[in-house]
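Observations on the model geometry
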Amino acid sequence: MTDEEMVANAHERWLFGWDREPGAAPFDFRAVQGEFYDWQADDLLLYDDADPAHRVARSAEEYRSWWEPVFTGLAAAGHELADGPHVLVSGDLAASRLIFLARLVAADGTESRLRATSSLLWRRTADGWRIAWDHTSSVSEPV
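Residues numbered from 1 in each chain as written. Predicted model: local features only at pLDDT ≥ 70, side-chain atom pairs only at ≥ 80, totals over all residues. Heavy atoms only, no water.

Looking at the overall build of the chain
Basically, it comes down to this: To qualify as a helix, a DSSP run of H or I must reach at least 4 residues; to qualify as a strand, a run of E must reach at least 2; elements of each kind are numbered from the N terminus. Radius of gyration here uses only the C-alpha atoms, and the compact-globule reference equals 2.2 Å multiplied by the residue count raised to the power 0.38. Between buried and exposed lies partly exposed: a residue is buried under 20% and exposed over 50% of the maximum accessible area for its type, with that area taken using a 1.4 Å probe on protein chains only. Contacts: residue pairs with any heavy atoms within 4.5 Å of one another. In this tally Asp and Glu are treated as negative and Lys and Arg as positive; neither His nor the chain ends contributes. One atom stands in for each charge, and that atom is NZ of Lys, CZ of Arg, CG of Asp or CD of Glu.
A tally of helices and strands in the chain yields three helices and six strands. Listed by position from the N terminus, the elements making up the chain come as α-α-β-β-α-β-β-β-β. Radius of gyration (C-alpha) of the chain: 15 Å, near the 15 Å computed for a compact globule of 143 residues. Dimensions along the principal axes, computed over C-alpha positions, put the chain at roughly 45 × 30 × 25 Å. Out of the 143 residues in the chain, the part that is buried amounts to 40%. Within the chain, contacts between residues at least 6 apart in sequence are counted, and of these 51% link residues at least 24 apart. Each charge class in the chain was averaged separately, 13 positive and 25 negative side chains, and the resulting centres sit 1 Å apart.

Okay, here's the thing in structure tokens:
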């Protein structure tokens, strides 16, 4: 498998790792998404504009602490790939981009839909490709 294929596969698996079935156990970020992050790195830049505070996490642990409660609190979440992933690799860095559609159902049954662009910068480590930077931007879609 080429580096481009490995990164594309990882980005797609990362996307679908956010899915939640109704009645699922609490979301365990590290168990589900842990393989995609360098847990020792303190120079990460992880941003998702779905965060109401528009914070930038500098570590995988910080990012986990924000999103694990959010996804645990959802009744369901589903994601659909709309475009990509597209990958460019140069040495030990790779950039990937995809567009996805998300259907999120809150605990009270309120449904929201998003169209999002996920751009990830990956860094090759001894353990494989890991996300170093994340920029996810989304817009609301009609329900």
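Regarding the sheet that holds strand β4 (residues 93–106)
Rule in force here: A pair of strands is treated as paired once DSSP finds two or more bridges between them. To obtain an axis, a line is fitted to C-alpha atoms, over the contacting stretch when the element is a helix, and the angle between two such axes runs from 0 to 180 degrees between their N-to-C directions.
Spatially, six strands are ordered β2-β1-β6-β5-β4-β3 in an open sheet, and the strand pairing comes out mixed. Edge strands, defined here as strands with exactly one partner in the open sheet, are β2 (56–57) and β3 (74–90). Note that strand β1 (residues 45–48) and strand β6 (residues 128–141) share four bridges and pair parallel. Bridging from a neighbouring strand, leucine 46 pairs with aspartate 134 of β6. Running at roughly 165° to β3, helix α1 (residues 3–16) makes contact with β3, β4, β5 (111–125) and β6 of the sheet.

A short note on unusual backbone geometry
Between glycine 84 and the following residue, proline 85, the backbone shows a cis peptide bond with an omega angle of 5°. Mapped onto the elements of the fold, proline 85 is located in strand β3. Positive phi, close to 50°, is recorded for histidine 54, a residue that is not glycine. For histidine 54, the location among the structural elements is in the loop between β1 and β2.

What to know about the environment of valine 87
Mapped onto the fold, valine 87 is located in strand β3. Taking relative accessible area as the criterion, valine 87 reaches 23% and is therefore assigned partly exposed. Taking C-alpha positions, valine 87 is 9.9 Å from serine 119, a pair spaced 32 residues apart along the chain. Beyond its immediate stretch of four places on either side in the chain, valine 87 contacts Glu4, Val7, Ala8, Ala95 and Ser96.

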